[in-house]
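# Understanding the architecture of this molecule
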Amino acid sequence: MRTAAIIAAHHLKRIARRPGLILLLMAIPLTLAGIEYAAFAPAAASGKLPPIKVLVLDEDRTFASSAVPRLIGSGPLADYIELDTTADVPSARRSLQRGQASALLVVPQGFQQALFDRRTAEIRFVPNPAQTISPEIVRSMLEMLTAITNGLLARAQAPLDAINKVVAADRPPTEDEVAEISRGFFRAGQQLQILNQLQNLTVDVKRPSGTTQGFEFRGASSFFAYIFPGLVMFGLMFISQALATRLMRDREAGLQRRIAIAPASRAAILAGGAFYLFVALTVVLVLLALIGSLVFRLKLTSPGTLLVIALGFAFFATGLQLLVISMARSDAGAQAVAGALIMILSLLGGAFVPLESYPPVLRAIGELLPNGAAHQAFIDVLVRQKMLGEILRPVAIIFTWALTFTAVAVTLERRRLTT
Amino acid sequence: MNALSIAWLDLKRLMRERTALGWIFIGPVVFTIFFGMLFKPQPERQTTVAIVNHDVDDRVARAVGVLLEQDRVKVVQAQAIEAGRWSVEIPRDAAALFAAAKPMRLTLHAREEESTEERNVRFKVQKALTLLYLHGDADLSAESIAALPARLARAEIVALKPGDIGVQHRPMTAGFQRSVPSYLVMFVFLNVLVSGATIAADRATGRMRRLFIAPIRKRDIVLGKLLSRFAIGWIQIAYMLALGVLLFGIRWAQHGWVFFGFLTIFALASAALGLLVGTLFDDPDTAASAAVWTSILLAPLGGLWWPLEVVGPTMRTIGNLVPTGWAMQGVNAMLAFDAGAAEVAPFALALAVLLLVALTLATRRLRPA
């Protein structure tokens, strides 16, 4: 045991003397968390996306066509859609190409006349071909607005028909007709009160757990509680690779052989390497958690539970790297295999995209992987305030992977040391 | 000639490294397929919504059901909420509230996590409720409920129709049409930067010293190093372009030569930046990590991980200031709008300036040891 500790301490001292590489790798999750916060937190905080720019091209230039942008820009959509007029199609195309707008609305010539003729008055919608999400949001909102407009127009149809009849006859309206048209608009106006009620029609969402929202933004800390653990584990796996590279290079340089002929047992040599990795990774995890707490205001609730998950993940990363170097013949080979494994684990484990967004099969796979399980466990503790007893399944998954990898690695490494 | 020899020998050495080969040929495919499939546009499938009625009669439940069915939703009437099924609860006093033109609250029972499907269902329920208040008769008789679809069709006075500005619309920000170009840009940048950073290894192993004592001008050494990294960039580009066509059915740009020229400038600028990173660090591992860190930092900022349309104005502005952003915007313009040379010239110019600045600095900083 003492020999193992001496070997581990020796490796750790080397890292402490030149920590540049590890510090640089630690910066990756911190930087990515900062970028994701800057990109998405404002929208998460306000509960809506930034206003989407839409261009309007009025080819009709009539009273009715000029009402279209006014209708969009003055109602509840004004918070979501930012309108800008455009002179013609080529300039609209230029703006769309530069990403300055997400869609173009064209009110074609004859729009007002179509309304009077009781023909369908079309508004043309052109999504920015280089975008998908924003144009779809705009389309949904405009569909709703169109439905409401049609409902209101339907209520004013009688007086509109009366006007149309008079215009078609090309004669001045009689006094009775004027009175009837006025009464019709008055009735329609009274019914417009329904607009106030439409704003109050609500569809509440209720979830099995009783919560009403999928992701509730409770300040920056809740945002980071969601995204930071996945990024930390992504970074930690790369750090484990950098740490394990040193063991591999020692082996290639003959250092391990020299230790092996010294009065040190194989078990002590193996344990020394494993301790070094485990202690270094645990220290890095604790440091990242503290930095997260200080910089990102992450609330480290249930520190004991968090420590169990962290130790489990550090144990897994140790086992993974030991396994890779026990099977590799060269430093380059070890790096290639470890890099590929880390990438695949990160993709499947939800380091970049939340597992919730995955299709069911991929999600089930992700939750069975050590980093996916650890990610879910961290979120359960940091966001949902769960205790250790409630996250036993992911914790068991992490430790099962860790034990399996370490056991296989130790077996292979013992065999290699013997030969 | 010396520069070409250095480039060729460097390229052979770099292409022998298994890690490099993995990141050039396997990494991009894994990322492209994974994210391409994850964000593939899903064909709209019919959602089933259960309506659970708590009102004294079923008039509102039936009317909402009819309007939802109009919107391609399959509706079933149910007695109770069932876990895992979209269910809409009609409150006890729904018909009375509707008759009095007072607002009502419906409850949608959703799954634990919010999803795109949930947002669609919620939107459709909200729309059905709105249409009911706009078009429904106060008494909600059986006849008026049955007549709702016809009434809605008659009421379609204003209609939103697809327009055309002479650009063929492709789902640019979804599926492989987004993941292939994005990861082309990302992996060219990453691999060229990391291979550029191996300059530090050249110094550490003494290779650079041997080159400097040979009768070769420094200019040729830099050019040779640049060309070898540029070649790696083009190997990556050619590989991704071919994969895009053969495996993912991507339609690349209409102006092929402009597209190739643009990617060439991007690869050269990335190679020069990689050389600069390699000259900044003594330790080869630190130099390689700095290159990875730079790539990972600039990829999301430039809109390679998520489209810039979903971020706020500040992040969009930052996206206009980084090389990955210039590359992605140029590629997007060519793919989505069939943009020509004049339209991508600003992005190409920005990359050319980066090439000149990075190459000048790298040349100045390059030392044998």
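Residues numbered from 1 in each chain as written. Chains lettered and ligands numbered in written order. Predicted model: local features only at pLDDT ≥ 70, side-chain atom pairs only at ≥ 80, totals over all residues.

### A few points about the overall build of chain A
Applied cut-off: A run of DSSP states H or I qualifies as a helix once it reaches four residues; a run of E qualifies as a strand once it reaches two. Both are numbered from the N-terminal end. For the radius of gyration, the atom set is restricted to C-alpha positions; the globular benchmark scales as 2.2 Å times the number of residues to the power 0.38. Residue burial is a threshold on neighbouring C-beta atoms within 10 Å of the residue's own C-beta, all placed from the backbone, with 20 or more meaning buried, 12 or fewer meaning exposed, and counts in between meaning partly exposed. Contacts are defined on C-beta atoms placed from the backbone: any two residues whose C-beta positions lie within 7 Å are in contact.
A tally of helices and strands in chain A yields 17 helices and 5 strands. Scaling as 2.2 N^0.38, a compact globule of 419 residues should have a C-alpha radius of gyration of about 22 Å, whereas chain A reaches 32 Å, well beyond that. Here chain A, with 419 residues, has 39% of them falling under the buried criterion. A fraction of 76% describes how many contacts in chain A between residues 6 or more apart in sequence connect residues 24 or more apart.

### Comments concerning the overall build of chain B
Tallying secondary structure elements over chain B gives 16 helices and 5 strands in all. For 369 residues, the compact-globule formula gives about 21 Å, and the C-alpha radius of gyration of chain B, at 29 Å, lies well above that figure. Overall size of chain B, expressed as C-alpha extent along the three principal axes, is 100 × 40 × 35 Å. Counting only residues that meet the buried cut, chain B has 49% of its 369 residues in that class. In chain B, of all internal contacts separated by at least 6 residues, the share reaching a separation of at least 24 is 78%.

### Points about the sheet that holds strand β5 (residues 158–162) of chain B
The condition is simple: Should DSSP find at least two bridges between two strands, the strands are taken to pair. To get an axis, fit a line to the C-alpha atoms, keeping to the stretch in contact for a helix; angles then go from 0 to 180 degrees between the N-to-C directions.
The 5 strands lie next to each other as β2(A)-β1(A)-β3(A)-β4(A)-β5(B), forming an open sheet whose pairing is mixed. Since the sheet does not close on itself, it has two edges, and those belong to β2 (81–85) of chain A together with β5 of chain B, each with one partner. This sheet shows a mean twist of 30 degrees between the axes of neighbouring strands, independent of strand direction. Across 5 bridges, strand β1 (residues 52–58) of chain A lies against β2 of chain A in parallel orientation. Each bridged residue has a counterpart across the sheet, and for V54 of chain A the counterpart in β2 of chain A is L83 of chain A. Lying on the sheet, helix α4 (residues 89–97) of chain A is in contact with β1 and β3 (103–107) of chain A; it crosses β1 of chain A at an angle near 170 degrees. Contacts from helix α6 (residues 133–155) of chain A reach β1, β2, β3 and β4 (121–127) of chain A together with β5 of chain B, with the element oriented near 155 degrees to β5 of chain B.

### Some remarks on the pairing of β1 of chain A
Residue and element names in this part refer to chain A. Stated formally: Here is how to tell: hold the view so the strands point away, follow the path from the first strand over the helix to the second, and if it runs clockwise the crossover is right-handed.
Along β1, 6 of the 7 residues are buried, which leaves the element largely enclosed by surrounding structure. As a crossover connection, the stretch from β1 through helix α3 (residues 63–74) into β2 is right-handed. Two strands pair when backbone bridges link them, and β1 and β3 are joined in this way by 5 bridges, in the parallel orientation. Bridge pairing in β3 links V54 to A103.

### A look at the packing of helix α12 (residues 256–280) of chain B against helix α13 (residues 284–301) of chain B
Residues and elements named next belong to chain B. Note the following rule: Roughly parallel covers angles under 35 degrees, roughly antiparallel covers those over 145, roughly perpendicular covers 65 to 115, and oblique covers all other angles. What makes a crossing left-handed is the near helix being turned counterclockwise from the far one by less than a right angle; a clockwise turn instead makes it right-handed. Amino acids are sorted into nonpolar (Ala, Val, Leu, Ile, Met, Phe, Trp, Tyr, Cys and Pro), charged (Asp, Glu, Lys and Arg) and polar (every other residue, Gly among them).
Between α12 and α13, the least distance of the axes is 8 Å, while the angle of their chain directions is 140 degrees. As far as their axial angle goes, α13 and α12 are oblique. The interaxial crossing formed by α12 with α13 has right-handed handedness. Each of G274, V277, G278 and L280 in α12 lies in contact with α13, whose residues at this interface are A287, A290, A291 and T294. Tallied by class, the residues present in the contact of α12 with α13 amount to 5 nonpolar, 3 polar and no charged.

### Section: the interface of chain A and chain B
The parts lose accessible area when they come together, and the size of an interface is often stated as this lost area. Counting residues at the interface gives 77 residues for chain A, matched by 78 residues for chain B. Those elements giving two or more residues to the side of chain A that touches chain B turn out to be α2 (20–46), α4, β3, β4, α6, α9 (194–200), β5 (202–206) and α14 (331–348) of chain A. The leading source of residues in the side of chain A that touches chain B is α6 of chain A, at 14 residues. Looking at the side of chain A that touches chain B, its residues break down into 47 nonpolar, 22 polar and 8 charged. Of the pairings in the sheet, the one linking β5 of chain A to strand β4 (residues 105–109) of chain B comprises 5 bridges and is parallel in character. Directly across from D204 of chain A, in β4 of chain B, lies its bridge partner T107 of chain B.

### Describing the packing of α12 of chain B against helix α15 (residues 323–337) of chain B
Residues and elements named next belong to chain B. For the pair α12 and α15, the least separation of the axes is 11 Å and the interaxial angle reads 170 degrees. What the angle tells us is that α12 and α15 run roughly antiparallel. Between α12 and α15, the residues in contact are V258, F259, F262, F266 and A269 and P323, A327, G330 and M334, respectively.

### Structural notes on the nonpolar core
The nonpolar side chains of a soluble globular protein tend to be buried, and buried together. Using the following cut-off: Connectivity within a nonpolar core runs through C-beta atoms within 7 Å, and the core itself is a set of buried Ala, Val, Leu, Ile, Met, Phe, Trp, Tyr and Cys residues.
Counting 167 residues, the largest nonpolar core has I239 and L281 of chain A together with A197, A272 and L351 of chain B as the members making the most contacts within it. Among the elements that line this core, the one with the most residues is helix α10 (residues 220–252) of chain A, at 19 residues. Residues in contact with L351 of chain B, not counting those within four places in the same chain, are I265, F266, A269, P323, W326 and A327 of chain B.

### Some details on the environment of A121 of chain A
Tracing the backbone shows A121 of chain A in strand β4. Sequence-wise, A121 of chain A and F228 of chain A are 107 residues apart; in three dimensions their C-alpha atoms are separated by 50 Å.

### Points about the sheet that holds β4 of chain B
If you walk across this open sheet you meet the 5 strands as β5(A)-β4(B)-β3(B)-β1(B)-β2(B), and the pairing is mixed. This sheet does not close on itself; its edge strands, each paired only once, are β5 of chain A together with β2 (73–78) of chain B. In this sheet, adjacent strand axes meet at a mean angle of 30 degrees when their direction is disregarded. The pairing of strand β1 (residues 47–53) of chain B with strand β3 (residues 86–90) of chain B spans 5 bridges and is classified as parallel.

### So, α15 of chain B
Since the α-helix turns once every 3.6 residues, residues separated by three or four places project in the same direction. Residue and element names in this part refer to chain B. Our working rule: The span one expects for a helix is its residue count, reduced by one, times 1.5 Å.
Taking 1.5 Å as the rise per residue, α15 with 15 residues should run 21 Å; its terminal C-alpha atoms sit 21 Å apart, in good agreement. Of all 15 residues in α15, 15 are buried, a share of seventy percent or more. Residue D338 follows α15 closely and has a positive phi angle near 55 degrees.

### Digging into the confidence of the model for chain B
Keep this limit in mind: As a per-residue measure, pLDDT reflects the predictor's confidence and takes values from 0 up to 100.
On average, residues of chain B score 89 in pLDDT, and 98% of them reach the 70 mark or higher. Confidence estimates for the predicted assembly give a pTM of 0.82 and an ipTM of 0.78.

### Some remarks on the environment of A201 of chain B
Mapped onto the elements of the fold, A201 of chain B is located in helix α9 (residues 199–205). When the C-alpha atoms of A201 of chain B and V60 of chain B are compared, they prove to be 74 Å apart, with 141 residues separating the residues in sequence.

### Section: unusual backbone geometry
Residues and elements named next belong to chain A. Even without a glycine there, the phi angle at R297 is positive, about 55 degrees. On the secondary structure map, R297 appears in the loop between α12 (266–295) and α13 (303–327). When the 14 C-beta atoms within 10 Å are taken as the criterion, R297 is described as partly exposed.

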